[in-house]
Amino acid sequence: MSRPLASNLPPVDRPAWKVRRRASLGKGLKPYLMVAPAVVIIAGLVLYPLFLSLVTSLRVDNVLFPGVHRFIGLTNYQNVLSDPSFQLAVRNTAIYFLAGSFGVLTGSLIIAMWLHNLSLKWRGFFLTVVILPWAVPGVVTGLLWSFIYNPTTGLLNAILLDLHVINHDIVWLNHPGLNLLLIVIALLWQILPLTSVILLAGLESIPPSIYEAARVDGCHPWHAFTHITLPLIRPALAIAMVQTAVLTIGVFDQVYVLTGYDPSTKSVIIQTYLYAFQNLNLGQGISAAMLVTLGITVVGFIYLRFLYREVSY
């Protein structure tokens, strides 16, 4: 008597728990598989260069001495921190950061509130006008403001002479202290559009019913601004301030175009550039860059830790 073929046998059902485990395992791995390419790209383009930079900052790496690459620990960091030029650059950058943060905090709120209260008919037009400076590269921004500050043909001197505020041309960027303020103005001209749009998005997300309820309860507009608007736009405000910290601490283009390597205005990024490409000391240059990165990270963490809050309506 012949044996039955295997194809004629009834199918054997798998246990239900095995099917569920395989399905749950597939669902659990799917999100990780989706983000895996991005993680690999970020690791290759960010984490690996960051690791190499950290290693380079801990050893001698000078173009003038190509054969010397010995490990020296934190000596590069000590040399950078004790350098009077770097200390002066840190002071200038702190002024850019503090003045820029104050200007963004006030200016962005004013612009965002103005755009928010405009009718939909005009909001698109003025929003386009406001956002245009942000689309201009930093070098072009520096060139534009160098024309404005020009002592002979500049717009600033021309306006002040016509208004009889001054009686002769002034070389604005040659005044210590004042030149820092003028660079901050150029920075704000480029930063304010982006931060204003971020805050506008935060304002647009607040339900109008909250203001209507406050108005019915007799809430003063100033109290509505301080007790409703500001608390509810804290996430947008935190993002705007982090963006401001990145752009002011890492400023290079505007300072370089307006004043070059002037010690009274140079930023830490310009000093980093001088270490690496003028002194040809890559070890010190990368060490300075790592310190700048650490500073931006600390400031960003402080903003996100103490300013950012999840809000609910």
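Residues numbered from 1 in each chain as written. Predicted model: local features only at pLDDT ≥ 70, side-chain atom pairs only at ≥ 80, totals over all residues. Heavy atoms only, no water.

Naming follows an unreviewed UniProt entry, where the protein chain appears as Carbohydrate ABC transporter membrane protein 1, CUT1 family of Sulfobacillus acidophilus. On record in UniProt, under Sequence similarities (unreviewed entry), the comment for the protein chain is "Belongs to the binding-protein-dependent transport system permease family." You can read under Subcellular location (unreviewed entry) in the UniProt record for the protein chain the words "Cell membrane". (UniProt positions renumbered as here; feature names shortened; annotations may be inferred.)

S.K.: What is the right way to read the overall build of the protein chain from this model?
M.R.: Broken down by element type, the protein chain carries 13 helices and 0 strands. Starting at the N terminus and ending at the C terminus, the protein chain contains elements arranged as α-α-α-α-α-α-α-α-α-α-α-α-α. By residue count, 34% of the 313 residues in the protein chain fall in the buried class. Within the protein chain, counting contacts between residues at least 6 apart in sequence, those at least 24 apart form 69% of the total. (Helix = DSSP H or I, 4+ residues; strand = E, 2+ residues; numbered from the N terminus. Buried < 20%, exposed > 50% of the residue type's maximum accessible area, 1.4 Å probe, protein only. Contact = heavy atoms within 4.5 Å.)

S.K.: Hey, could you run me through the layout of surface pockets in this one?
M.R.: Empty pockets left among the atoms are what a rolling probe the size of a water molecule brings to light. Roughly 420 Å³ of internal volume is contained in the largest pocket. Every residue lining the largest pocket is counted, 18 residues in all, and those nearest its centre are Asn117, Tyr211, Arg215, Ala224 and Thr229. Of the residues belonging to the lining of the largest pocket, the class tally is 11 nonpolar, 4 polar and 3 charged. Roughly 220 Å³ of volume is contained in the second largest pocket. (1 Å grid on protein atoms, 1.4 Å probe; cavity = no way out; pocket = protein on both sides within 12 Å on 5 of 7 lines; lining within 4 Å. Points joined across faces, edges and corners; volume = space filled by probe spheres on them. Nonpolar A, V, L, I, M, F, W, Y, C, P; charged D, E, K, R; others polar.)

S.K.: Would you mind showing me how to read the packing of helix H3 (residues 84-117) against helix H12 (residues 268-278) here?
M.R.: Between two packed helices, both the angle of their axes relative to each other and the distance between the axes serve to describe the pair. Viewed as axis vectors pointing N to C, H3 and H12 meet at an angle of 155°, and their least axial separation amounts to 8 Å. When the axis of H3 is compared with that of H12, the two are roughly antiparallel. The residues of H12 that touch H3, namely those facing Ser85, Phe86, Ala89, Val90 and Thr93, are Val268, Gln271 and Tyr275. Grouping the amino acids of the contact of H3 with H12 by side-chain chemistry returns 5 nonpolar, 3 polar and no charged. (Axes fitted to C-alpha atoms, helices over the stretch in contact; angles between N-to-C directions. Parallel < 35°, antiparallel > 145°, perpendicular 65-115°, else oblique.)

S.K.: For this particular structure, what's the right way to read the UniProt feature "transmembrane region" (unreviewed entry) in the protein chain?
M.R.: Annotation from UniProt places "transmembrane region" (unreviewed entry) at residues 31-51, 94-115, 124-148, 180-203, 236-257 and 286-308. When the span residues 31-51 is considered, its composition is 100% helix and 0% strand, and the gap between its end C-alpha atoms is 27 Å. As annotated, residues 236-257 comprises 86% helix and 0% strand, and the C-alpha atoms at either end are separated by 31 Å.

S.K.: Can you help me understand unusual backbone geometry in this one?
M.R.: Glycine aside, the phi torsion of most residues is negative, and most peptide linkages are trans. For histidine 164, which is not glycine, the phi dihedral falls at a positive 60°. Relative to the elements of secondary structure, histidine 164 occurs in the loop between helix H6 (155-162) and helix H7 (178-204). Given a relative accessible area of 71%, histidine 164 falls into the exposed group.

S.K.: Where do I start with the side chain of threonine 272 in this structure?
M.R.: With respect to the helices and strands, threonine 272 occurs in helix H12. The exposure class assigned to threonine 272 is buried, which follows from its relative accessible area of 10%. Within the local environment of threonine 272, its side chain forms a polar contact with the backbone oxygen of valine 268, the two atoms lying 2.7 Å apart. Apart from residues no more than four positions distant in its own chain, threonine 272 is found in contact with Gly285, Ala288, Ala289 and Val292. (Polar contact = N/O pair within 3.5 Å; in protein donor to acceptor, adjacent residues only side chain to side chain.)

S.K.: Looking at this model, I keep getting lost on the side chain of serine 108. Mind explaining?
M.R.: Locating serine 108 in the fold gives a position in helix H3. What makes serine 108 buried here is its relative accessible area of 0%. Not counting residues within four places of it along the chain, the set of residues in contact with serine 108 comprises Gly103, Leu192, Thr195, Ser196 and Leu199.

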